[in-house]
Amino acid sequence: MKRDVKEILFSKEDIEQRIKIVGNQINIDYKGKFPLFVCILRGAFMFLADLSKEIKIDMSIHFMAISSYGGNTESTGQVKILKDLDTPINDRHVLIIEDIVDSGLTMDAVTRLLKTRNPKSIKICTLLDKEERRKIPIKVDYYGFKIPNKFVIGYGLDYKEKYRNLPFIGVLKEKIYN
Ligand code: IMP
């Protein structure tokens, strides 16, 4: 598995350190607000697990599963809800936990859908932000790292369902998907 990695962008330790900082900020911003974290499956499962351990305030966790890639490295632009939330969010402060914002199409579709359910607020927390690839403007409220336009895997992120279990974030060798 590791031999398919061209370079390591962020080690396990880099990620741990950064998540502590993001978690602290969320603790401050959401104090007394009982936020509802919406984890976007499957890519954000590891980020959610580590981030939630840094959260010291009351919060709840729910899951949504989305597909937008269809097994390739380019977003299809068609966002499918594979599993919807199984709780109402009206009058809740929603914080979406995402692995990576790339074109922005997924977060645009998800936030538009969730806004129709009248949450008190809705914000986005993403581990990675590939800002230069945006096709649609998306306001990212919290991020772990901004990254260049490279296809990355590990720490929850996959290519064709592989590599999610790597503890670091790395760039996939082009020969794997070319
Ligand atoms: P967007 O809709 O183009 O912003 O894409 C968001 C989704 O595409 C993310 O939730 C990821 O699942 C996937 N994605 C985008 N870039 C990468 C990448 O570099 N590696 C792995 N998955 C990615």
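For the structure itself, consult the block above.
Procedures and definitions
Residues numbered from 1 in each chain as written. Predicted model: local features only at pLDDT ≥ 70, side-chain atom pairs only at ≥ 80, totals over all residues. Heavy atoms only, no water. Pairing = 2+ DSSP bridges. Helix = DSSP H or I, 4+ residues; strand = E, 2+ residues; numbered from the N terminus. Phe/Tyr/Trp six-rings, centres within 6.5 Å; stacked < 30°, edge-to-face > 60°. Buried < 20%, exposed > 50% of the residue type's maximum accessible area, 1.4 Å probe, protein only. Lys NZ or Arg CZ within 6 Å of the ring centre and 35° of its normal.

Novice: I would appreciate a short explanation of the sheet that holds strand β9 (residues 169-172) in the present structure.
Specialist: Backbone hydrogen bonds are what pair the strands of a sheet, in a parallel or an antiparallel way. The three strands lie next to each other as β1-β9-β8, forming an open sheet whose pairing is antiparallel. The sheet is open, and its two borders are formed by β1 (5-10) and β8 (152-153), each paired with just one other strand. Bridge analysis of β8 against β9 gives two bridges, and the strand direction is antiparallel. Residue Val152 lies in a different strand from β9, and its bridge partner there is Val171.

Novice: Would you explain the packing of aromatic side chains in this entry?
Specialist: Each aromatic ring pair is specified by the distance between its two centres and by the angle formed by the two planes. Tallied over the full model, the rule gives four aromatic pairs. Ring plane angle 15° and centroid distance 3.8 Å describe the contact between Phe10 and Phe145, whose orientation is recorded as stacked. Here Phe145 lies in strand β7 (residues 142-146) and Phe10 lies in strand β1, a separation of 135 residues in the sequence. Pair check on accessibility: Phe10 and Phe145 agree, each one buried. Pairwise contacts between aromatic rings join Phe151, Tyr159 and Tyr177 into one cluster. Between the NZ or CZ atom of Arg18 and the centre of the ring of Tyr143, over which it lies, the distance is 5.5 Å. We note Arg92 situated over the ring of Phe34; from NZ or CZ to the ring centre the distance is 4.1 Å.

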